[in-house]
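Residue-level structural notes
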Amino acid sequence: MKIIKSLTSIFMSLMLLQGFAKADASAFQGAYIGVQGSIAGVELDGKYNDPTQTNPNSTGQVGMTGMFGSVQAGYHAGGSGNAFVGLGINYTPSGDASFAAKELGNNQKVNLELSDLLEVFIEPSVAVTSNSALFVRLGYTEGELSATGTDVQNQTIDLDGMTYSLGMKTVTDGGFYIKAEAGMTEFD
């Protein structure tokens with residue numbers, strides 16, 4: 001949460017500087033679709049209980065990074081001057097969002113796969129130049145986590161959580177846009 005607070009402070013500071021630029025939100029108005037590539041890190045915390053062992057409870061953390069592809073669609077509605085808001089949906093299908101962990105001593109293993117991540121979001125934005133804007137994104141995300149392994153009975157767990165991010169988007173004269181974004185999704 002400390003990172004989100006720091007990034008929000010930076011974003012707010014940049015918004016104060018935007019008054020010096022001659023910018024308006026007209027370049028961003030209307031519907032859009034996009035294909036997105038992401039590099040993401042995943043961290044999981046877990047507990048394992050084996051009553052046949054001397055110390056039956058064990059805990060652990062595991063993490064991974066991977067590349068993911070998504071499809072996004074949305075609509076930007078104008079506000080006054082250089083402020084506008086976007087509403088959208090982002091879908092990440094099954095794919096490379098999986099990893100395996102193995103205990104070397106007992107040859108135990110587990111495979112986890114995130115799939116069908118669907119996010120709806122709101123994205124308040126401020127144009128800082130005629131074709132670039134800063135934004136903050138708040139979204140609700142649902143998906144599935146499938147677990148298979150040595151002592152796991154093929155389980156699928158429904159996930160839901162909140163997504164927080166901020167970034168910058170630029171629209172070219174030809175109507176193409178580029179977004180650079182940093183954020184996190186926290187699942188229960």
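Now for a look at the structure at hand. (Residues numbered from 1 in each chain as written. Predicted model: local features only at pLDDT ≥ 70, side-chain atom pairs only at ≥ 80, totals over all residues. Heavy atoms only, no water.)

Note on placement: Asn-111 falls in strand 5 (residues 108–127). Separated by 43 residues in sequence, Asn-111 and Asn-154 place their C-alpha atoms 9.7 Å apart. (Helix = DSSP H or I, 4+ residues; strand = E, 2+ residues; numbered from the N terminus.)

Considering soluble globular proteins, one finds that nonpolar side chains tend to be buried as a cluster. Membership of the largest hydrophobic core is limited to six residues, which are Ala-25, Phe-28, Phe-84, Ala-127, Ala-133 and Val-171. Judged by nonpolar contacts, the second largest core, of five residues, contains Leu-112, Leu-114, Leu-145 and Leu-159. (Core = buried A, V, L, I, M, F, W, Y, C linked by side-chain atoms within 4.5 Å. Buried < 20%, exposed > 50% of the residue type's maximum accessible area, 1.4 Å probe, protein only.)

This brings us to unusual backbone geometry. Phi angles above zero are rare outside glycine, and Asp-116 is one such case at about 50°. Its location among the elements puts Asp-116 in strand 5.

Further remarks concern the pattern of salt bridges. Per the counting criterion, the structure on display carries four salt bridges. Here Arg-137 and Glu-119 are joined by a salt bridge, their closest N and O atoms 2.8 Å apart. A residue pair is termed long-range when its members are at least 10 positions apart, and Arg-137 in strand 6 (residues 132–149) and Glu-119 in strand 5 qualify at 18 residues. Grouping residues by exposure puts Arg-137 and Glu-119 together as buried. Of the charged contacts in the structure, one is a salt bridge between Lys-169 and Glu-123, with a shortest N-O distance of 2.5 Å. With Lys-169 in strand 7 (residues 152–171) and Glu-123 in strand 5, this residue pair connects regions lying 46 residues apart in the sequence. Given the relative accessible area of 0%, Glu-123 is considered buried. Bridged by salt links that share partners, the residues Glu-119, Arg-137 and Glu-181 form one connected network. (Salt bridge = Lys/Arg side-chain N within 4 Å of Asp/Glu carboxyl O.)

A few words now on a nonpolar patch on the surface. Taken together, the side chains of Leu-87, Ile-89, Tyr-91, Leu-118, Val-120, Ile-122, Leu-138, Tyr-140 and Met-162 make up a nonpolar region of the molecular surface, amounting to roughly 720 Å² of accessible area. Elements represented by at least two residues in the nonpolar patch include exactly strand 3 (83–92), strand 5 and strand 6. For Ile-89, the location among the structural elements is in strand 3. Exposure remark for Ile-89: the relative accessible area of 37% places this residue in the partly exposed category. (Patch = residues over 30% accessible without salt bridge, like charges linked within 9 Å, V, L, I, M, F, W, Y side chains within 5 Å. Areas by Shrake-Rupley, 256 points an atom, 1.4 Å probe, with all protein chains shown as cover.)

The subject of this paragraph is the side chain of Asn-90. Following the sequence through the fold, Asn-90 ends up in strand 3. Ignoring anything within four residues of it in the chain, the contact list for Asn-90 reads Gln-36, Ser-70, Val-71, Gln-72, Leu-117, Leu-118, Glu-119, Phe-121 and Arg-137. (Contact = heavy atoms within 4.5 Å.)

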